[in-house]
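# Overview (structure and organization)
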Amino acid sequence: MSRRARLWLLAPALAGFLGLLVWGMTGLPGSGDHQGAVAATIARTAVPERHATNVVTTVTLDYRGFDTLGEEMILFSAALGLVVLLREQRGERKEEVDDDRAAGRKAPGTSEGLRIFSLALVGPTVLLGLYIVAHGALTPGGGFQGGVILATSLLLVYLSGKYLALRELTPIPALEAGEALGAVAFALIGLGGLIASGVYLHNFIPLGTPKTILSGGTIPFLYLAIGLEVAGAFMLTFLEFLDQTLLVRSRSGG
Amino acid sequence: MNTLVPLTVAVPLIAATVLAASAPFASRRFADGVSLAAAGSVCAMSGLLLAHGGDLVYWFGGWHPRHGLALGIAFTVAPLGAGLATFASAMVVIALLFSQRSLAEINNVFHALLLVFLAAMVGFSLSGDIFNMFVFFELMSVAAYALTGYRIDQRAPLEGTLNFAITNSIGALLVLTGISLLYGRTGALNLAQIGQALGTRPADALVVISLTLLVAGFFVKAAVVPFHFWLPDAYSVAPTPVCVVLSAVMSELGLYAVARIWWACFAGVLGGDRGAVEAILVGAGTVTALGPAVLCFAQTHLKRMLAYATVSYIGLFLIGFALLTPDGLAGTAIYLVADGCVKAALFVGVGILQHRLWSADELRLRGKGRAMPYTAALFVVGALALASLPPFGTFLGKSMIEDAAVKAGYGWVIAVFILASALTGGAVLRAAGRVFLGLGGAGEPEPSFEIDREESDEPETDDPRDRTPAMLFVPAAVLLAASLALGLVPGLDHAAQRAAAAFVDSAGYAATVLHGAASHTPQVAGPPPPTALDYLYALLSVLGAFTLAAVALLRPVRVFAPAVMRLRMLHSGRVGDYVAWLTLGVVAFGGLFAVTLL
Amino acid sequence: MSGFLPYAVAAWLFAAGIYGMATSRDLIHLVVCLTVAQSATYVLLLGVGYLHGAAAPIFADIGPNTRVVDPVVQALTLTDVVVEAVVVSLLLALAMQAHKRFGTLDPDDLRAMSS
């Protein structure tokens, strides 16, 4: 189809699509008038029954924990998928370079200010990430959010110009193993619930007192596993992309 | 028995993570062993769940419903879902066995991805919660994208995977929008509870649009016309073991989802207008069955031919489901499994040709297969099974659907079934005649299409041999035998009918899931055995296949009617076109549903 | 009227994203348009769960019987964001490989296959 024919097809289709969506949404209660009975029950029972004050976390890891296992495995498979899709092909090679710029790549130099600032931020970022992962059951945050913050510390290192040094310190197999460990830890904790109380993902660890760091039973441990997995997966993602851009060159040169 | 339910998903996931973690230092033997053990155990566990009969409800985290409100996620294991799970795991076992020989540069990551794919399919078939189904749907898709793009060093897989990923992501977004609308109305994510809540008010715009969005989104995965354009691109470039699983199971799961959601959620509120829904879906199924069947016949690249055949059969399964009766559903279930086995066997056959002769193109392979009698037999038997030769399982399923169609007043779909099976079976017969007997005219593969044909047909292994290894041939033979067995096992049709009758019982389903009522399988009289008319129809399909193949072999290559040429041009490989057709499809279904259901 | 605004925005975002994807001339642009369409689902989910005058569902410093917004849609949106971000990363990897293999990022020019 030529582009013009496509536009002739698309314009009425999109108009119809928009119209149908809006028409369907008129059946919704207005935003702000939500009446869900399930949500109300959950909001009422989360703290008394699970001793965790962050209800969203409780929903994510307890009421609907099985969804989160699936979601974590999606992240895991995508990291594996990236390894498959971005791997070295026949006809390519990984360059060994001494400085941070691969041959033929015209990257602008990094300013001193950026280097110092980025390096200085790495430590606080990691600390912030760990804090958010650990307090997932109490305040907004948790394994996903904290894991991503942890992974951005790698980007800060890249900005500071020390990428190749970092590359030698964190080989990809170690990250793959760490990420897989996080993923399997979640599944195994669920299995623990199966063994201890006969139901998969049952919250079988003593619940502790609300508002303390170990409250919520399995919830803080699940979020630790997720934090490990998310940090590993995103670091792997960044490494794969940065390798492709900075290091992989075709064998014919340039 | 209850403990088995979560294990069917947890075991392959844990095995996949172990394989990924040990990838740098584990041997190929270890990976093969672990993955086969995991997939085999899932097959055994799902088989046990299937044999259990009745509905099993499993609440994760121990969150049982309170006052009829479902707080947690439930798996509702019905015989139809468990049957699909067993079938999916069996296909993955076959794919693992087959991949040991057919893919050279395989490593643990491939096995891990295949196991994750399996876990997602099993979870999808067993889940009773709509958002949980969405999560497994996305997990299936992500693993499928990675597996399809495995030979990323070539251009065709790259484009195929892109088209696959982009269109299916839009499908997922449609599903999610539908889920949000339903949640806004009902406040629930559990299928049974949604059904209860929707049933309290008459149908309105929201119900119709959420049905449209869910149906359209899942039809993208199932590749119903006009959402199907991505499938030939993707299935013709995926590694052959992956094609086995994709073609036999993944597309069919899209239809299963629509069936599940229809009977659990919408049958109550829209039941009065069933006739309209039947008509629309039968129409969609007919278009999906016939157009791609013609295109299948016009193909000379074997994998692309089988991909179009897959779409055509999805159309036939859709017709069977669209009758919205237990008999039609039972016939569809049997037809689906039997046909899946045959398609998988044919894909394995193509893999054998690629392994020995370095190509999958009919014209390029003309006459080169003369020294491969067993593979030839494989293709011929497979083609006849596609054309529903008795006593294959395909014949049994098809005759059940035909009987159900006549009872529902849709007798004319029999002609659609005959035409589609004749075209697809005839295409494979023609290919077999050309490759193994050297019949038919010679011709160059079309240069204007498929520019990189040589690249995309590179062998997937590095060592072609003179003999077909047993590891490649045996899975195909087993699959064909399984398809035959399905037609011969006594009482299978009766069991399928009972399972279907329980599946369509929306009120009973809600009672079992939300109130813990014991599930009871309704007593149904066994279906009558195939009648003489059914044999006649099957005979017509088989004769039609032979005639079409013979006619094609006698005429010069590549002479197509202009209409067929235009249809082929539509499948342009450009994702922008596909997205435009997708949008049109959503509007078409939405408009039809709106006009007929309100 | 203001109760309908989030839904209208979601519908518009979805349509705009689809338009961008169908008419795109650059794979990276196409992937970003997919992100726009994905945002539509986030807005819709969160709009559905909102409650006027209610607090966030974190009971660390509010009384146990305060009205809170729907925590379930927030958990769903969290899952949704992760899933969609992951798909986008895969698509970007494919786009990178496409640039290398085809020398172009124009989706209409990736002509390896057609029927």
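Owing to the predicted nature of the structure, the values given are computational and were not obtained by experimental measurement. All residue numbers refer to position in the chain's written sequence, counted from 1. Chain letters and ligand numbers both follow the written order, the letters beginning at A and the numbers at 1. Two thresholds apply to this predicted model, a pLDDT of at least 70 for residue-level local features and 80 or more for giving and counting side-chain atom pairs, whereas whole-chain, interface and lining totals are computed over all residues. To get the side-chain values, take all heavy atoms of the structure and skip hydrogens and water.

All right, on to the overall build of chain B then. To qualify as a helix, a DSSP run of H or I must reach at least 4 residues; to qualify as a strand, a run of E must reach at least 2; elements of each kind are numbered from the N terminus. For chain B, the count of helices and strands is 23 helices and 2 strands. The globule rule used here is 2.2 Å times the number of residues to the 0.38 power, and the radius of gyration it is set against is calculated over C-alpha atoms. On C-alpha atoms alone, chain B measures out to a radius of gyration of 23 Å, which is about the 25 Å that the 2.2 N^0.38 rule sets for 598 residues. Counting only C-alpha atoms, chain B reaches 70 × 60 × 50 Å along its principal axes. Using a 1.4 Å probe on the protein chains alone, a residue whose accessible area is under 20% of its type maximum counts as buried, one over 50% counts as exposed, and one in between counts as partly exposed. Each of the 598 residues in chain B was classed as buried or not, and the buried ones make up 69%. All accessibility values rest on the Shrake-Rupley procedure with a 1.4 Å probe; residue burial counts only the protein chains present in the view. Element-wise, carbon and sulfur atoms account for 67% of the exposed surface of chain B, whose accessible area totals about 16200 Å². The charge count treats Lys and Arg as positive and Asp and Glu as negative. His and the chain ends do not count. In plain terms, the charge of a residue is placed at NZ if it is Lys, CZ if Arg, CG if Asp and CD if Glu. When the 32 basic and 34 acidic side-chain charges of chain B are each reduced to a single mean position, those positions are 3 Å apart.

The next subject is the nonpolar core. Residue types Ala, Val, Leu, Ile, Met, Phe, Trp, Tyr and Cys, when buried and joined through side-chain atoms within 4.5 Å, form a set referred to as a nonpolar core. Ranked by internal contacts, the top residues of the largest apolar core, which has 350 residues, are Tyr200(A), Phe117(B) and Phe266(B). Looking at this core, the element that brings in the most residues is helix H10 (residues 240–270) of chain B, giving 23 residues. Among all residues touching Phe117(B), those that are not within four sequence positions of it are Met140(B), Ala143(B), Ala144(B), Leu147(B), Val245(B), Leu246(B) and Met250(B). What makes two residues a contact is simply this: any of their non-hydrogen atoms within 4.5 Å.

All names here are of chain B. The term disulfide is used for any two cysteine sulfur atoms that are within 2.5 Å. One pass over the full model with this rule turns up 0 disulfides over all chains. Not part of a disulfide, Cys43 finds its nearest cysteine sulfur in Cys341, a span of 11 Å. For the unlinked cysteine Cys296, the closest cysteine sulfur is that of Cys243, found at 14 Å.

Before going further, it helps to examine the interface of chain C and chain B. In this complex, chain C contributes 38 residues to the contact, which on the side of chain B involves 49 residues. For the pair chain C and chain B, the summed buried surface comes to about 3900 Å²; carbon and sulfur atoms form 72% of the total. Only one rule defines a salt bridge in this text: a Lys or Arg side-chain nitrogen within 4 Å of an Asp or Glu carboxyl oxygen. Run the count over chain C and chain B and you get 0 salt bridges. Two N or O atoms count as a polar contact when they lie within 3.5 Å, although within protein this holds only if one can serve as hydrogen donor and the other as acceptor, and sequence-adjacent residues are included solely when both atoms are side-chain atoms. At the boundary of chain C with chain B, the tally comes to 2 residue pairs in polar contact (both at pLDDT 80 or more). Elements supplying a minimum of two residues to the side of chain C that touches chain B: helix H1 (5–22), helix H2 (27–49) and helix H3 (71–102) of chain C. In terms of residue class, the side of chain C that touches chain B is built from 26 nonpolar, 6 polar and 6 charged. Here the buried area means the combined drop in accessible surface, using a 1.4 Å probe, for two parts upon being joined, counting both sides. Residues are sorted three ways: Asp, Glu, Lys and Arg are charged, Ala, Val, Leu, Ile, Met, Phe, Trp, Tyr, Cys and Pro are nonpolar, and all the rest, Gly among them, are polar.

Residues and elements named next belong to chain B. Packing of helix H13 (residues 326–357) against helix H15 (residues 393–407) brings their axes to within 7 Å, and their N-to-C directions diverge by 155°. As summarised for this structure, H13 and H15 are arranged roughly antiparallel, according to the angle between their axes. Like other packed secondary-structure pairs, H13 and H15 cross with a definite hand, here left-handed. Only Gly393, Thr394, Leu396, Gly397, Lys398, Met400, Ile401, Ala404 and Lys407 of H15 make contact with H13, whose side of the interface consists of Asp327, Gly328, Ala330, Gly331, Thr332, Ile334, Tyr335, Ala338 and Asp339. For the contact of H13 with H15, a count of residues per class yields 8 nonpolar, 6 polar and 4 charged. Whenever a helix is involved, its axis is fitted only over the stretch in contact; in every case the axis is a line through C-alpha atoms, and angles between N-to-C directions fall within 0 to 180 degrees. Roughly parallel means an angle under 35 degrees; roughly antiparallel means over 145; roughly perpendicular covers 65 to 115; every other angle is labelled oblique. With the far helix as reference, a near helix turned anticlockwise by less than a right angle produces a left-handed crossing, and one turned clockwise produces a right-handed crossing.

Under the pairing criterion, centres of Phe, Tyr and Trp rings, with the six-membered ring standing for Trp, must be within 6.5 Å; the plane angle then separates stacked pairs below 30 degrees from edge-to-face pairs above 60, leaving the rest tilted. Under the definition given, this model contains 35 aromatic pairs over all chains. For the pair Phe66(A) and Phe60(B), a centre-to-centre distance of 3.8 Å together with 15° between the ring planes defines the contact as stacked. Placement of Phe66(A) in helix H4 (residues 65–85) and of Phe60(B) in the loop between strand S1 (56–59) and strand S2 (74–77) is noted, with the two residues assigned to different chains. Judged by centre distance (6.1 Å) and plane angle (35°), the ring pair of Phe124(B) and Phe137(B) falls under tilted. With Phe124(B) in helix H4 (residues 108–126) and Phe137(B) in helix H5 (residues 130–148), this pair connects stretches of sequence that are 13 residues apart. For the pair Phe124(B) and Phe137(B), a shared accessibility class is recorded, and that class is buried.

So, about the interface of chain B and chain A. Each partner contributes residues to the interface: chain B has 74 residues there, and chain A has 62 residues. A per-residue breakdown of the area chain B buries against chain A is headed by Thr17(B), Trp63(B) and Leu71(B), which together make up 11% of the total. The tally of links from chain B across to chain A stands at 3 salt bridges. Arg66(B) serves as the salt-bridge partner of Glu49(A), at 2.8 Å between the closest nitrogen and oxygen.

Residue and element names in this part refer to chain B. Between the first and last residue of a helix there are one fewer steps than residues, each counted as 1.5 Å, and that sum is the expected span. The terminal C-alpha atoms of helix H21 (residues 532–554) lie 33 Å apart, and with 23 residues this matches the ideal 33 Å at 1.5 Å per residue to within 8%. Turning to H21, its buried residues are Asp534, Tyr537, Ala538, Ser541, Val542, Gly544, Ala545, Ala549, Ala552 and Leu553. The inward-facing, buried residues of H21 contact helix H11 (274–297), helix H14 (373–386), H15 and helix H16 (413–437).

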